[in-house]
Structure formats: structure tokens, C-alpha cells
Amino acid sequence: MFSVLTDNWDLFGQGFWTTIKLFLISGVLSLVLGTLLGTFRVSPVPALRGVGTGYVNILRNTPLTLVFAFLVFGAPKMNIELPSFFWSAVVALTIYTSAFICEVVRSGINTIPPGQTEAGRAIGMSFIQVLSVIVLPQAFRAIQPPLMSVLIALLKNTTIAAGFSVAEAGAIPAAMAERGENQMLTLVWITIGFLILIVPLIFLQRWAERRTAVA
Amino acid sequence: MSDSGTLTPDTQNRAGLVALSGVNKHFGELHVLKDIDLSIAKGEVVVVIGPSGSGKSTLCRAINRLEPIDSGSILLDGEPLPSEGKALARLRADVGMVFQSFNLFAHKTILQNVTLGPLKVRKTDPKQAEKRAMELLERVGVANQASKYPAQLSGGQQQRVAIARALAMDPKVILFDEPTSALDPEMIQEVLEVMIDLAKQGMTMVVVTHEMGFARTAANRVVFMADGEIVEESDPETFFTNPTSRRAQDFLGKILKH
């Protein structure tokens, strides 16, 4: 059982390292883009709200595989060249995941009582200050559990990149089949690998919830 | 005699630190402020009373533009209220506001609640902001709670912190929007005492309240509103003993009976 892993350490190591890179880079980018879109959706400017709503409706309702296909096969036809399949995957995962993060952030913002915003405005804070100092920190406190669910989904969604020439963990079974290894055990080890990656996320969430707890 | 020497308190009063003229405001069909003219002099304590739905809270919130108005003008220290953006924020920094539901920043400690405005808006030195905040918390009697969060304090304590938060900006005027209406009876007095203290020290205050006792002891002037209009305006003694309008007589009859 262990030899399946130890004999193919190179394959597993490289695969999961690519998965981790995909996850971390698109995770950070999705958080930034998703938060920005979430604030668009609650902004007083109708045009920004329209952009936010349109974005969410298109990206959230498109299957991720199609988003990948558009970037890998469609984008070059429109003369949009990304440096590698890896970066195509990053972009696909980011634009898809940020639509979900946008909605989570928006729901978090909506839980903040209007009095908090008014109090901020009343002491002379600008719109950006009220948002960044008063509203978003409280919103993030409220959305940690659903936000972590979206990030865990992102981690698992990285395996779709295997279908688009990115040698991440999802590509390991095919390579193992070529080496004539046991497929069942390969899948078991990949599952264990993902569990190992997800456990720290769960602890991160617990830590963040404790750290931001208020009374 | 110099020009300034000829100014009588009366003309100063007309110039006004806060001056509303011809202010109108609608909520859809509802005409909540009807041609409001009101001038508040520096150091004056004006208490606005009236039945609920009379527009008194809206009037209070219009003064720092938390409610935009439809027509008319509001001048603060001679300057018209800007409609949006940085100029409005700068002006709001000079107008303190105390809300019915306190609205302390839930994720900040008591001390941070008071220092936030000076730090973010006035760009005060952190040490100095903290020192001043502690003095103000001392003054309102909650300095020993400085490191707690709002939810750990009683309503009365929270409202006193909210007053300290407003004072930390060194405002020209403080607006109180029913500051004791959400409090348990035994906590009302502790908040009113802080407010009476402020009034004595010459702070310009606009107070929307149902506390007639406060109006009698601390107000220079009582403004009675009904149906979006200022119906009657006089010193508290005259208003409570000898109201001239029918509406004010009715209102006082209802609330002073028991």
C-alpha cells in the first residue's frame, strides 16, 4: 500500500505542489476580486451594482469546465495569450470562485446594521474608510464559515485543471496508469492528500473565528 | 465702538451656528419636514419635542445630512451643507451625533471607538488621541471599561461612550437623536447627567427627546414639532406652563397627566 506512494514520490510531490500553488494564488486573487465585486453590489452607484450583478450571473451559472475551455481554447482565438496552461487555470479558477466570494461578502455586508455605517459617516469618515474600517471587518467576521466552504470548494476544483494540461494532483491517476500502478490505491492516496491540505484550512477558520470574536 | 461690540445676542442668534431655512423633505408621499426655519446660536441648547412621526428625528438627521433634504438650505457656521464627498465628510467631523441605539462600532474596544475618529479623520497622533480619549471616558464615567467591547457594557454605559466618541472630534455642535429612548429607566439618569453637564459647559446641542425633565433643566429653548412643522418655539418655562398652540396643549396634556 505504501509503496504506491513511496515509489512514485516524484509524481505525487509535483502534483500536489502544483495543486497548492494553484489554490494559493487563485485563492488570494479570488478573495481580492470577490471582495471588490461584493462592495460593487452594495455600492450607491447603479453602474457598479450592474457590473457586480452581471458578473455574478454569468460566472456563477457557467460550469467551471466551460470557463476553463473558454480560457484555454477560446481566449487564444481572440488573441489573448496567457503565459502557460498553469496561468490559464489560475485565471479560470479566480474568475469563477470570485463570483461565489462576491455573494458571500455581500451577504456579510448586509448583516451589518445600518447604524454602524451611519455612526462612521457621522464622525466624518469617507465612504472608503467606512467600508474598510467599519463594514468589511465586521462582515468578514460573519462570513467565515461560508467563506471557508467556498475556499475548500476551490481547492477541490483545482483538479479540473488536469483536463487542461496542468499536471496537478488530479492528473496523477492518468500518469500512474501509464506506470501500471494500482488505480484504487492511487485514488486513496490522492484523497488522503486532499484531506491533509484541507485540515489546516479548518484550523485556520477556527483560529480566525476565535480571534475576531466579540463578547 | 467696534463693529463686533455692537452685536447684540439677538443678532448673533439670527446669524446662528446652525441655520435652517425653508427646509422641505418627503419620504415618498409623506411630507415629513414642511418649510422648517430654525436657527441655533453658539452655546445654545435646543430641545426638540413632539409626538412620534412629527419629523423631529428627521430634522436632527438632516443637520449632518444623514437625511438629504429636498429643498431649502442648511448652513453650518455660515457654510452651506455640501451634498456629497470629502467636503461633506469634513463638515460631519465638526458635528457630533449621538444615536438612539448608540451605534458603537461593535468590533472595536471602547477606547478604539473613541480614538477612531481622531485617528482616521483628524489624523491625530495616536498617543495624543488615546490620552484625550481616556480623559473623555473618565469624564463620562466609563474609563474603567476602556478595553472592553461595546456588547459587554450596559446601554447607559454604551450611550455615555457614544457621547465621548462625539466629543473626541471637538465638534461645534452635537446632535442627540432620542439618546435615552432605548434605555432602561434606571439608566436614563446617568446619560442625562452627562448631557446636563455638557450643556452647562456651553456645548451647542440639539436634543430630540421625550425627557421633559431634561428640557426644563437644560434647554435654552424648546421647539415643538407636529406633522412636520415647527408649531411652537419658546423658552422651557413658558412652553411647559403656558403653551399657546392647541397641538402643544394636547401633547403636554397627554404626557404630563400621569
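Residues numbered from 1 in each chain as written. Chains lettered and ligands numbered in written order. Predicted model: local features only at pLDDT ≥ 70, side-chain atom pairs only at ≥ 80, totals over all residues. Heavy atoms only, no water.

Novice: Can you walk me through the packing of aromatic side chains in this structure?
Specialist: The relation between two aromatic rings is expressed through the spacing of the ring centres and the mutual angle of the planes. On inspection of all chains with the given rule, the structure shows 9 aromatic pairs over all chains. With centroids separated by 5.2 Å and ring planes inclined at 15°, the aromatic side chains of A:Phe68 and A:Phe164 adopt a geometry described as stacked. A residue pair is termed long-range when its members are at least 10 positions apart, and A:Phe68 in helix H4 (residues 64–77) and A:Phe164 in the loop between helix H7 (127–157) and helix H8 (172–178) qualify at 96 residues. What makes A:Phe68 buried here is its relative accessible area of 1%. Taken together, a centroid distance of 5.3 Å and an interplanar angle of 80° make the contact between B:Phe239 and B:Phe240 edge-to-face. Residue B:Phe239 is classed as buried on the basis of its relative accessible area, which comes to 0%. Residue classification places B:Phe240 among the buried positions, given a relative accessible area of 8%. (Phe/Tyr/Trp six-rings, centres within 6.5 Å; stacked < 30°, edge-to-face > 60°. Helix = DSSP H or I, 4+ residues; strand = E, 2+ residues; numbered from the N terminus. Buried < 20%, exposed > 50% of the residue type's maximum accessible area, 1.4 Å probe, protein only.)

Novice: When you look at a nonpolar patch on the surface in this model, what are you seeing that I'm missing?
Specialist: Residue and element names in this part refer to chain A. Among the surface-exposed residues, Met1, Phe2, Ile192 and Ile196 lie close enough to one another that they form a single nonpolar patch of about 420 Å² accessible area. Looking at the element boundaries, Ile192 is found in helix H9 (residues 183–211). Since its relative accessible area comes to 30%, Ile192 is described here as partly exposed. (Patch = residues over 30% accessible without salt bridge, like charges linked within 9 Å, V, L, I, M, F, W, Y side chains within 5 Å. Areas by Shrake-Rupley, 256 points an atom, 1.4 Å probe, with all protein chains shown as cover. Salt bridge = Lys/Arg side-chain N within 4 Å of Asp/Glu carboxyl O.)

Novice: Honestly, the UniProt feature "domain: ABC transporter" (unreviewed entry) in chain B in this entry has me stumped. Any pointers?
Specialist: As recorded in UniProt, the feature "domain: ABC transporter" (unreviewed entry) lies at residues 18–252 of chain B. Across residues 18–252 of chain B, the secondary structure splits into 38% helix and 26% strand, with the terminal C-alpha atoms separated by 27 Å. (UniProt positions renumbered as here; feature names shortened; annotations may be inferred.)

Novice: Would you take a moment to explain the confidence of the model for chain A for this structure?
Specialist: Close inspection of predicted coordinates is inappropriate in any region flagged by low pLDDT. Taken residue by residue, chain A gives an average pLDDT of 92. The fraction at 70 or more is 99%. Mean pLDDT across the secondary structure elements of chain A bottoms out at helix H1 (residues 2–6) of chain A, with 86, and peaks at helix H5 (residues 85–110) of chain A, with 96. (pLDDT = per-residue confidence, 0-100.)

Novice: What is the right way to look at the pairing of strand E9 (residues 221–226) of chain B in this model?
Specialist: All names here are of chain B. Where burial is concerned, most of E9 is hidden: 6 out of the 6 residues are buried. The side-chain alternation of E9 yields two buried faces, one formed by Arg221, Val223 and Met225 and the other by Val222, Phe224 and Ala226. Relative to E9, strand E3 (residues 45–49) is paired through 4 bridges, and the arrangement is parallel. Bridged to Val48 within E9 is Val223. (Pairing = 2+ DSSP bridges.)

Novice: Help me understand empty space enclosed by the protein in this model?
Specialist: The gaps of empty space that remain are located by a probe, the size of a water molecule, rolled over the atoms. On inspection of all chains with the given rule, the structure shows 1 cavity of 30 Å³ or more. Size it by volume and the largest cavity reaches roughly 60 Å³. Put simply, the parts of the chain that give the lining of the largest cavity at least two residues each are helix H6 (114–122) of chain A together with helix H3 (85–93), strand E6 (95–98) and helix H6 (155–167) of chain B. By residue class, the composition of the lining of the largest cavity is 10 nonpolar, 1 polar and 2 charged. (1 Å grid on protein atoms, 1.4 Å probe; cavity = no way out; pocket = protein on both sides within 12 Å on 5 of 7 lines; lining within 4 Å. Points joined across faces, edges and corners; volume = space filled by probe spheres on them. Nonpolar A, V, L, I, M, F, W, Y, C, P; charged D, E, K, R; others polar.)

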